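Examining the three-dimensional arrangement
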Amino acid sequence: MTQDALKKAVAEAAVEYITPKLERDSVIGIGTGSTANYFIDLLPDIQDQFAGAVASSEETTRRLKSLGIPVYELNDVNELLIYIDGADESNPQLELIKGGGAALTREKVVAAVAREFLCIADESKWVEILGDFPLPVEVIPMARSYVGRQLVKLGGQPVYRQGVVTDNGNVILDVYNLQIMEPRKLENAINQIAGVVTNGLFAHRPADVLLLGTSEGVKRISPRY
């Protein structure tokens, strides 16, 4: 199967997973990226079963609205039933690297509000140790050079993502050459650097369930501790 076929299969599995949980007044959170887009495109088939969605990016907001899905502001919602999003990497603990699409801060906020976090990904995203995919760090523009120097001290090689401005008006540093043995510890350390908004490690708020698209079908994976 092609990678796109795996993404489509896992999106279909995600719809099957969430449908029994939905109630007419439910609001769900929806992420950003190619796998999330496959999921979004399936929502019109079940949109009479939930009230609407909170989006993790302006791009996702536009896509949802184009399909007639009501979009809510997060400030107007007390709780999200479930958050569905992809990942750039997942380890067996379902700790993730996210942010390849530069939406990591809003994704992290939406995930924090959700009762359940369902991650959907294809098998290329499964790793034993996080770090092959460069770790995105969202930084306020004036702090870019300073933060870069501090990231070097943590053992990484930061590269400025040229031409990218986040929905929050910030910039992205992608940190290469990390072998992330203690994701929670590194997540904390990076977030303590002045000028960092947040980083793409989802370790303190990992996924609760991973639907992983493989050549042998979609696997449902729970965290391995």
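Residues numbered from 1 in each chain as written. Predicted model: local features only at pLDDT ≥ 70, side-chain atom pairs only at ≥ 80, totals over all residues. Heavy atoms only, no water.

Some points on the pattern of salt bridges
Opposite charge on two side chains lets them pair, provided their charged atoms get close. By the definition in use, this model includes 13 salt bridges. Across the pair K108 and E187 runs a salt bridge whose closest N-O atoms are separated by 3.0 Å. Separated by 79 residues along the polypeptide, K108 in helix 4 (residues 104–113) and E187 in helix 6 (residues 183–191) bring together distant segments of the chain. In terms of burial, K108 and E187 fall into one category: buried. Between R161 and D174 there is a salt bridge, and its shortest N-O distance comes to 2.7 Å. Within this pair, whereas R161 is found in the loop between strand 8 (157–160) and strand 9 (171–176), its partner D174 is found in strand 9, the two being separated by 13 residues in sequence. Exposure class is identical for R161 and D174. Each is buried. Each of the salt bridges in this network shares a partner with another, and the network as a whole consists of D85, K98 and E107. (Salt bridge = Lys/Arg side-chain N within 4 Å of Asp/Glu carboxyl O. Helix = DSSP H or I, 4+ residues; strand = E, 2+ residues; numbered from the N terminus. Buried < 20%, exposed > 50% of the residue type's maximum accessible area, 1.4 Å probe, protein only.)

Some details on helix 5 (residues 144–153)
Taken residue by residue, helix 5 has V147, G148, Q150 and L151 as its buried positions. Along the axis of helix 5, the buried positions cluster into a sector of 165 degrees, meaning they face one direction only. In helix 5, the exposed positions that point more than 90 degrees away from the buried face belong to R149 and K153. Looking at the packing, one finds that the buried side of helix 5 touches strand 7 (135–139), strand 8, strand 9, helix 6 and strand 10 (196–199). Backbone geometry just downstream of helix 5 places G155 in the positive-phi region, at approximately 100 degrees. (Arc of directions from axis to C-beta. Contact = heavy atoms within 4.5 Å.)

Let's talk about the packing of aromatic side chains
Counting across every chain of the model gives two aromatic pairs. A ring pair is formed by Y83 and F117, whose centres lie 5.2 Å apart and whose planes are at 40 degrees; its orientation type is tilted. Here F117 lies in strand 6 (residues 117–122) and Y83 lies in strand 3 (residues 83–85), a separation of 34 residues in the sequence. Here F117 falls in the buried class, since its relative accessible area comes to 0%. Put simply, the rings of Y83, F117 and F202 touch in pairs and so form one group of aromatic residues. Above the plane of the ring of F202 lies K98, whose end atom (NZ or CZ) is 5.6 Å from the centre. (Phe/Tyr/Trp six-rings, centres within 6.5 Å; stacked < 30°, edge-to-face > 60°. Lys NZ or Arg CZ within 6 Å of the ring centre and 35° of its normal.)

Some thoughts on the environment of V175
Its location among the elements puts V175 in strand 9. For V175, a relative accessible area of 2% puts it in the buried group. When the C-alpha positions of V175 and V137 are compared, they lie 7.5 Å apart, and in sequence the two are 38 residues distant.

Structural notes on the packing of helix 2 (residues 34–42) against helix 3 (residues 58–66)
Where helix 2 contacts helix 3, the axes come no closer than 10 Å and their chain directions differ by 25 degrees. With respect to their mutual orientation, helix 2 and helix 3 come out roughly parallel. Note that helix 2 runs across helix 3; the crossing there is right-handed. Taken together, the residues of helix 3 that come into contact with helix 2 (itself represented by N37, I40 and D41) are E59, T60, R63 and L64. Counted by class, the contact of helix 2 with helix 3 contains two nonpolar, two polar and three charged residues. (Axes fitted to C-alpha atoms, helices over the stretch in contact; angles between N-to-C directions. Parallel < 35°, antiparallel > 145°, perpendicular 65-115°, else oblique. Left-handed = near helix turned anticlockwise from the far one by under 90°. Nonpolar A, V, L, I, M, F, W, Y, C, P; charged D, E, K, R; others polar.)

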